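So the chains spell out like this:
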Amino acid sequence: MPLTDADLQALWLTIRLAATVTLILFVIGTPVAWWLARTRSGWKGAIGAAVALPLVLPPSVIGFYLLVTMGPNGPVGQLTQALGLGLLPFTFWGLVVASLFYSMPFMVQPLQNAFESIGTRPLEVAATLRASPLDAFFSVALPLAAPGFLTAGILTFAHTVGEFGVVLMIGGNIPGVTRVASVQIYDHVEAMEYGDAHRLAAVMLVFSFLVLLAVYSSQPNRLKG
């Protein structure tokens, strides 16, 4: 039996959410990772810990504070209302904002590792050839860090696809708006529709395996080490 229309709708929404979050985090996470890789500031530890916080915090904690912040009495909620944008909770863009916070370490940490592995020598050589810091970043650092970008993009996309607690708290369960695949599976189980839950879960299982296969296959040298 094929996936239901509701399942396909949830899968499409999940892919759309994950793609949007991944693209935005490339823009936001790259400068953060570059700064963490290069800085000697005393703030490095605090900023790095803040970025990695979603790795250890329960999703319900992150979801709760984001819900309060983006709610009608929160600072973000008051700002969005003043701008005529309404409230973000229980909307697609509310899911995007929540996912940006929750998936941030999966983008920043692989990029930071990639930038740190470059070392200072290539950038120093670029500087002797009169390349500006911006030129050196785009012509030297980015090409050398390409495998890190691939890993970061794949992990961020996959992690966003698998989110449950945060998206449920921020988005609720609105068909076609906030009901992503993980929430759809939960609905099937609650309704004791185990066959439907199994089919959708199997799709997610295969997808997750293929994602991990792509990540590990792209890093053969690291595996040998």
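The following paragraphs examine the structure supplied in this document. Everything numeric here is computed off the predicted structure, so don't read it as measured data.

We now examine the overall build of the protein chain. A tally of helices and strands in the protein chain yields twelve helices and zero strands. In sequence order, the secondary structure elements of the protein chain are arranged as α-α-α-α-α-α-α-α-α-α-α-α. Principal axes of the C-alpha set define a box for the protein chain whose edges measure 65 × 45 × 25 Å. Looking at the protein chain residue by residue over its 225 residues, the buried ones come to 40%.

Turning to the nonpolar core, a few remarks are in order. Within the largest apolar cluster, 31 residues are counted, with the highest numbers of intra-cluster contacts made by L17, L111, F115 and V180. Elements with a contribution of two residues or more to this core: helix 1 (5-38), helix 5 (92-118), helix 6 (121-128), helix 7 (133-144) and helix 8 (146-161). If you tally residues by element for this core, the top one is helix 5, at eleven residues. Leave out the neighbours within four places in its chain, and V180 touches A10, L13, T14, L17, L95, E163 and V167. M70, L88, A98 and V166 belong to the second-largest nonpolar core, a separate cluster that totals eight residues.

Side chains that differ in sign of charge can pair as their charged atoms come close. Tallied over the full model, the rule gives three salt bridges. Across the pair R179 and D187 runs a salt bridge whose closest N-O atoms are separated by 3.3 Å. A relative accessible area of 19% means that R179 is categorised as buried. D196 is the salt-bridge partner of R199, the closest N and O atoms lying 2.6 Å from each other. Taken together, the positions of R199 and D196, both in helix 11 (residues 194-217) and three residues apart, correspond to about one turn of that helix. Given the relative accessible area of 24%, R199 is considered partly exposed.

Let us now look at helix 8. Working note: α-helix, 3.6 residues per turn, so residues spaced by three or four point in the same direction. Between the first and last C-alpha of helix 8 there are 23 Å, a value that for 16 residues agrees with the 22 Å anticipated at 1.5 Å per step. Within helix 8, burial applies to G148, F149, T151, A152, G153, I154, T156, H159, T160 and V161. Next to the buried residues of helix 8 lie helix 1, helix 5, helix 7 and helix 11.

A word on the packing of helix 10 (residues 181-190) against helix 11. Following both chains from N to C, one finds helix 10 and helix 11 inclined at 155°, their axes separated by 8 Å at the closest point. Taken together, the axes of helix 10 and helix 11 lie roughly antiparallel to each other. The chirality of how helix 10 crosses helix 11 is left-handed. Along the contact surface, helix 10 presents A181, Q184, I185, H188 and V189, while helix 11 presents Y194, D196, A197, L200, A201 and M204. For the contact of helix 10 with helix 11, the class distribution of residues is eight nonpolar, two polar and one charged.

Rules and cut-offs
Residues numbered from 1 in each chain as written. Predicted model: local features only at pLDDT ≥ 70, side-chain atom pairs only at ≥ 80, totals over all residues. Heavy atoms only, no water. Helix = DSSP H or I, 4+ residues; strand = E, 2+ residues; numbered from the N terminus. Buried < 20%, exposed > 50% of the residue type's maximum accessible area, 1.4 Å probe, protein only. Core = buried A, V, L, I, M, F, W, Y, C linked by side-chain atoms within 4.5 Å. Contact = heavy atoms within 4.5 Å. Salt bridge = Lys/Arg side-chain N within 4 Å of Asp/Glu carboxyl O. Expected span 1.5 Å × (residues − 1). Axes fitted to C-alpha atoms, helices over the stretch in contact; angles between N-to-C directions. Parallel < 35°, antiparallel > 145°, perpendicular 65-115°, else oblique. Left-handed = near helix turned anticlockwise from the far one by under 90°. Nonpolar A, V, L, I, M, F, W, Y, C, P; charged D, E, K, R; others polar.

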